[in-house]
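Each chain, letter by letter, is given below.
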Amino acid sequence: MRAGMIGAQTVPVLIRREGPQDVAVIRAVVGAAFAKPGEAEPVEAPLVDELRADVGWLPALSMVAVTGAGEVVGHVVCTRGYAGDTAALGLGPLSVLPGYQRQGVGLALMHATLGAADALGEPLVALLGNPAYYGRYGFRAATGFGIESPDPAWGEYFQVRPLAEYRPSIKGVFRYSAPFDNL
């Protein structure tokens, strides 16, 4: 898949599944994407490693964005979650190296992930993020679907994106894979 146009630049990338050779570079990409001044390592970097070791890990939904030169510049992962008693997906983290942000890499990762999740017959994807950003992908406040956030303080920032297998009867509190509980 090729990155879309955002701003004045695009970076052509191939989106593919994560492979064993990508593990260390994914940690570096995630660390760089979420780095904050004065913070040794953002929580998102070890989170991906913990998710990979968890029963909720779904290898088909851990994807990297690779430039034509073979550089991994982005990563996204969905893991098994539950909306009430219904299996669903929790998305995150979505990471792009700072030098490649706002160039369509995140857009390409998101479209590939949603397409793959839909093709796998998943009913919905949930995430915690900025509604202004994720709204462009069809994410809406989870409460509008009868799905409650794991933390009520998240409010409108906890969103879901229904897929083709979505049913309005899917309701309840959303539970992410266990590693998210340790954040």
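No experiment lies behind these values; they were computed from the predicted model shown.

## Remarks on the environment of His-111
Right, on to step 1. Within the fold, His-111 resides in helix α3 (residues 105-119).
Right, on to step 2. You can call His-111 partly exposed: its relative accessible area is 41%.
Right, on to step 3. Linking His-111 and Asp-85, residues 26 residues apart in sequence, is a C-alpha distance of 26 Å.

## Looking at the layout of surface pockets
Right, on to step 1. Its boundaries defined by the atoms lining it, the largest pocket holds a volume of some 800 Å³.
Right, on to step 2. If you trace the largest pocket, you find 34 residues lining it, with Phe-34, Pro-93, Leu-94, Leu-128 and Tyr-134 closest to the centre.
Right, on to step 3. Residue contributions to the lining of the largest pocket peak at 6 residues, all from strand β4 (residues 86-96).
Right, on to step 4. Here the lining of the largest pocket is built from residues that sort into 21 nonpolar, 8 polar and 5 charged.

## With respect to the pairing of strand β8 (residues 158-162)
Right, on to step 1. Pairing geometry for strand β5 (residues 124-128) and β8, over 5 bridges, is antiparallel. Residue pairing for β8: Leu-127 is matched across the bridge by Gln-159.
Right, on to step 2. Of the pairings in the sheet, the one linking strand β6 (residues 140-141) to β8 comprises 2 bridges and is antiparallel in character. For Arg-140, the partnering residue across the bridge sits in β8 and is Val-160.

## Some thoughts on unusual backbone geometry
Right, on to step 1. Note that the residue after Gly-92, namely Pro-93, is joined by a cis bond; omega there is 0°.
Right, on to step 2. Following the sequence through the fold, Pro-93 ends up in strand β4.
Right, on to step 3. Not every positive phi belongs to a glycine, and Arg-102 is a case in point at roughly 65°.
Right, on to step 4. Take Arg-102: it is sitting in the loop between β4 and α3.
Right, on to step 5. The exposure class of Arg-102 is exposed, given its relative accessible area of 68%.

## Focus: the packing of aromatic side chains
Right, on to step 1. Tallying each qualifying case throughout the model produces 11 aromatic pairs.
Right, on to step 2. Seen from their ring centres, Phe-145 and Tyr-166 are 5.8 Å apart, and the 85° between their planes marks the pair as edge-to-face. Of this pair, Phe-145 sits in the loop between β6 and β7 (147-148) while Tyr-166 sits in the loop between β8 and β9 (172-175), and the two are 21 residues apart along the sequence.
Right, on to step 3. Assessed through its relative accessible area of 17%, Phe-145 is described here as buried.
Right, on to step 4. Measuring from ring centre to ring centre gives 5.0 Å for Phe-174 and Tyr-176, while their planes differ by 75°; the resulting arrangement is edge-to-face.
Right, on to step 5. Taking the relative accessible area as the measure of exposure, Phe-174 reaches 1% and is therefore buried.
Right, on to step 6. On the basis of relative accessibility, which here comes to 12%, the residue Tyr-176 falls in the buried class.
Right, on to step 7. Through a chain of ring-to-ring contacts, the aromatic side chains of Trp-154, Phe-158, Phe-174, Tyr-176 and Phe-180 assemble into a single cluster.

## What to know about the nonpolar core
The tendency in soluble globular proteins is for nonpolar side chains to be buried as a group.
Right, on to step 1. Counting residues in each nonpolar core, the largest one holds 37 residues, and the members touching the most others are Leu-109, Met-110 and Val-125.
Right, on to step 2. Where this core is concerned, the elements lending two or more residues are β1 (13-17), α1 (23-34), α2 (44-52), β2 (57-67), β3 (72-83), β4, α3 and β5.
Right, on to step 3. Per element, the largest residue contribution to this core is 8 residues, and it comes from α3.
Right, on to step 4. With residues up to four places along the chain from it excluded, the contact list for Met-110 reads Leu-91, Leu-94, Leu-127, Tyr-134, Tyr-137 and Phe-139.

## Quick look at the pattern of salt bridges
Right, on to step 1. Under the counting rule described, the total for this entry stands at 6 salt bridges.
Right, on to step 2. A salt bridge links Arg-16 to Asp-22; its shortest N-O distance comes to 2.7 Å.
Right, on to step 3. For Arg-16, a relative accessible area of 25% gives the class partly exposed.
Right, on to step 4. Look at Asp-22 and you get buried, because its relative accessible area is 2%.

Thresholds applied
Residues numbered from 1 in each chain as written. Predicted model: local features only at pLDDT ≥ 70, side-chain atom pairs only at ≥ 80, totals over all residues. Heavy atoms only, no water. Helix = DSSP H or I, 4+ residues; strand = E, 2+ residues; numbered from the N terminus. Buried < 20%, exposed > 50% of the residue type's maximum accessible area, 1.4 Å probe, protein only. 1 Å grid on protein atoms, 1.4 Å probe; cavity = no way out; pocket = protein on both sides within 12 Å on 5 of 7 lines; lining within 4 Å. Points joined across faces, edges and corners; volume = space filled by probe spheres on them. Nonpolar A, V, L, I, M, F, W, Y, C, P; charged D, E, K, R; others polar. Pairing = 2+ DSSP bridges. Phe/Tyr/Trp six-rings, centres within 6.5 Å; stacked < 30°, edge-to-face > 60°. Core = buried A, V, L, I, M, F, W, Y, C linked by side-chain atoms within 4.5 Å. Contact = heavy atoms within 4.5 Å. Salt bridge = Lys/Arg side-chain N within 4 Å of Asp/Glu carboxyl O.

Take it as geometry only, folks, not as evidence of what the structure does.
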